[in-house]
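Structural overview for review
Okay, here's what each chain looks like letter by letter:
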Amino acid sequence: MSQTAQSKPGQSKPGQSKPGQSKPGQGGRGRGPPIYGRGPPGAADARPRRPRREPEVEVWVPKTILGKKVDSGEITSIEEILESGLRIQESGIIKKLLPDLKSEVVDVGIIQKMTSNGQSTRFKAIVAAGNENGYLGIGQGKSKQMRIAIEKATSQAFLNIQPIKMGCGSWECRCDQHHSVPFKVRGKGGSVTIEIIPGPRGLGLVAGGKIKRLLELAGLKDAWTTAKGSTPTMTSTSKAVLDCLRQTFSQG
Ligand SMILES: [Zn+2]
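Summarised in this report is the structure supplied together with it. These figures come from a predicted structure and were not determined experimentally.

What counts, and where the lines are drawn
Residues numbered from 1 in each chain as written. Predicted model: local features only at pLDDT ≥ 70, side-chain atom pairs only at ≥ 80, totals over all residues. Helix = DSSP H or I, 4+ residues; strand = E, 2+ residues; numbered from the N terminus. Buried ≥ 20, exposed ≤ 12 C-beta atoms within 10 Å, placed from the backbone. Pairing = 2+ DSSP bridges. Core = buried A, V, L, I, M, F, W, Y, C linked by C-beta atoms within 7 Å. Domains from an automatic or database assignment. Contact = placed C-beta atoms within 7 Å. Axes fitted to C-alpha atoms, helices over the stretch in contact; angles between N-to-C directions. Left-handed = near helix turned anticlockwise from the far one by under 90°. Nonpolar A, V, L, I, M, F, W, Y, C, P; charged D, E, K, R; others polar. Expected span 1.5 Å × (residues − 1).

1. Focus on the overall build of the protein
In terms of regular secondary structure, the protein is built from seven helices and eight strands. Relative to its 252 residues, the protein shows a buried fraction of 29%.

2. Focus: the pairing of strand S5 (residues 185-189)
Where S5 and strand S6 (residues 192-198) come together, five bridges link them in antiparallel fashion. Within the sheet, the bridge partner assigned to Val185 lies in S6 and is Ile196. Counted between consecutive antiparallel strands, the loop separating S5 from S6 contains two residues, among which Gly190 sits at a positive phi close to 60 degrees.

3. Focus: the nonpolar core
Grouped together as the largest cluster of nonpolar side chains are 45 residues, with contacts concentrated most on Val127, Ala128, Leu136, Leu214, Leu215, Ala218 and Val241. Where this core is concerned, the elements lending two or more residues are helix H4 (91-97), strand S2 (118-130), strand S3 (135-143), helix H5 (146-159), S6, helix H6 (209-218) and helix H7 (234-247). Sorting elements by how many residues they give to this core places H7 first, with six residues. Built from parts of two domains, this core gets at least three residues from each of domain 2 (58-97) and domain 3 (185-247). Non-local contacts of Ala218, meaning those with residues more than four positions away in its chain, are made with Gly130, Leu136, Ile164 and Leu245.

4. Considering the pairing of S2
Across 13 bridges, the pairing between strand S1 (residues 102-115) and S2 is antiparallel. What sits directly across from Glu104, in S2, is Ala128. Between S1 and S2, which pair antiparallel and follow one another directly, the connecting turn spans two residues. Where S2 lies against S3, eight bridges are found, and the strand directions are antiparallel. Paired with Val127 across the two strands is Gly139, which belongs to S3. In this antiparallel pair of consecutive strands, S2 and S3, the connection spans four residues, and Glu132 shows a positive phi of 60 degrees.

5. As for the sheet that holds S5
Here four strands make up an open sheet; going across it, the order is S5-S6-S8-S7 and the pairing mixed. Where the open sheet ends on each side, the last strands, each with one partner, are S5 and strand S7 (205-206). As defined by bridge partners, S6 adjoins strand S8 (residues 223-228) across six bridges and the pair is classed as antiparallel. Along S8, the bridge assignment pairs Ile197 with Trp224. On top of the sheet, H7 reaches S5 and S6; it is set at about 145 degrees to S5, its chief contact.

6. Examining the packing of H6 against H7
Closest axis-to-axis distance for the H6/H7 pair is 11 Å, and the angle between their directions is 40 degrees. In this structure, H6 crosses over H7, and the sense of that crossing is right-handed. Facing Lys210, Ile211, Leu214 and Ala218 of H6, the residues of H7 in contact are Met234, Thr237, Ser238, Val241 and Leu245. The residue inventory of the contact of H6 with H7, partitioned by class, reads six nonpolar, two polar and one charged.

7. A few points about the sheet that holds S3
Strands sit in the order S1-S2-S3-S4 across an open sheet of four strands; the sheet is antiparallel. Sheet topology places S1 and strand S4 (162-163) at the edges, where each strand pairs with a single neighbour. Judged from the two bridges that link them, S3 and S4 form a sheet pairing that is antiparallel. Note that in S4 the partner of Leu136 across the bridge is Gln162.

8. Re unusual backbone geometry
Even without being a glycine, Glu132 presents a positive backbone phi close to 60 degrees. For Glu132, the location among the structural elements is in the loop between S2 and S3. Positive phi, close to 55 degrees, is recorded for Arg174, a residue that is not glycine. Within the secondary structure, Arg174 is located in the loop between S4 and S5. In this structure Arg174 comes out as exposed when scored by C-beta crowding, with 9 C-beta atoms within 10 Å.

9. A short note on H7
The end-to-end C-alpha distance of H7, which contains 14 residues, comes to 20 Å, matching closely the 20 Å that a straight helix rising 1.5 Å per residue would cover. For H7, the set of buried residues is Met234, Thr237, Ser238, Ala240, Val241, Leu242, Cys244 and Leu245.

What follows is the structure, given as structure tokens:
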């Protein structure tokens, strides 16, 4: 790389920096040593480019009877499973039946604990999954590695997925579209109490940041909310939101 400093100004013609001719480090700039850390222009062409690694896609191999039925196409809707009261034990089932499910990390934290061997540090994550159209699940995961905590939480969220009965309970609107909750619902989780009040179309979600995001993932579009208690505690808040959405089935 020491010859690079000698490159004459005459060499820096644009015609000479053809991909085949340029040596690594030459750069075709003629302005002193190359900038380290950012490959000189042309160097990327001289080297065979490594193909970009594809994101790893896990192939789902069903293990349970229910999973095999879903995989073979015997069961095609999630309602079928939820109505029959079967327990879903594989997140692959959910992924197959609700392919447009989005997952989102709601909260991460560190758990520190004194043990006989000293201090142990673990991570916890809360992930919400929803299809923005009537399904929401929230899961928690803990691990020594943040990535694994998130993975665990994501598959928990998939397994915890539950339907939401949507409707229009607003007396100002009285349409029969599914854009809000069918009536006022209240849910509790820890110290947190959340109320969701149906709103007219075009209102939007009147809620605090993270609660709003959860309701969006669930598919609600217009609603008022009230929240009491320590809402920054996402463990309680997400429980309260799920409880609220479960209550949509309580009447009528
Ligand atoms: Zn309406």
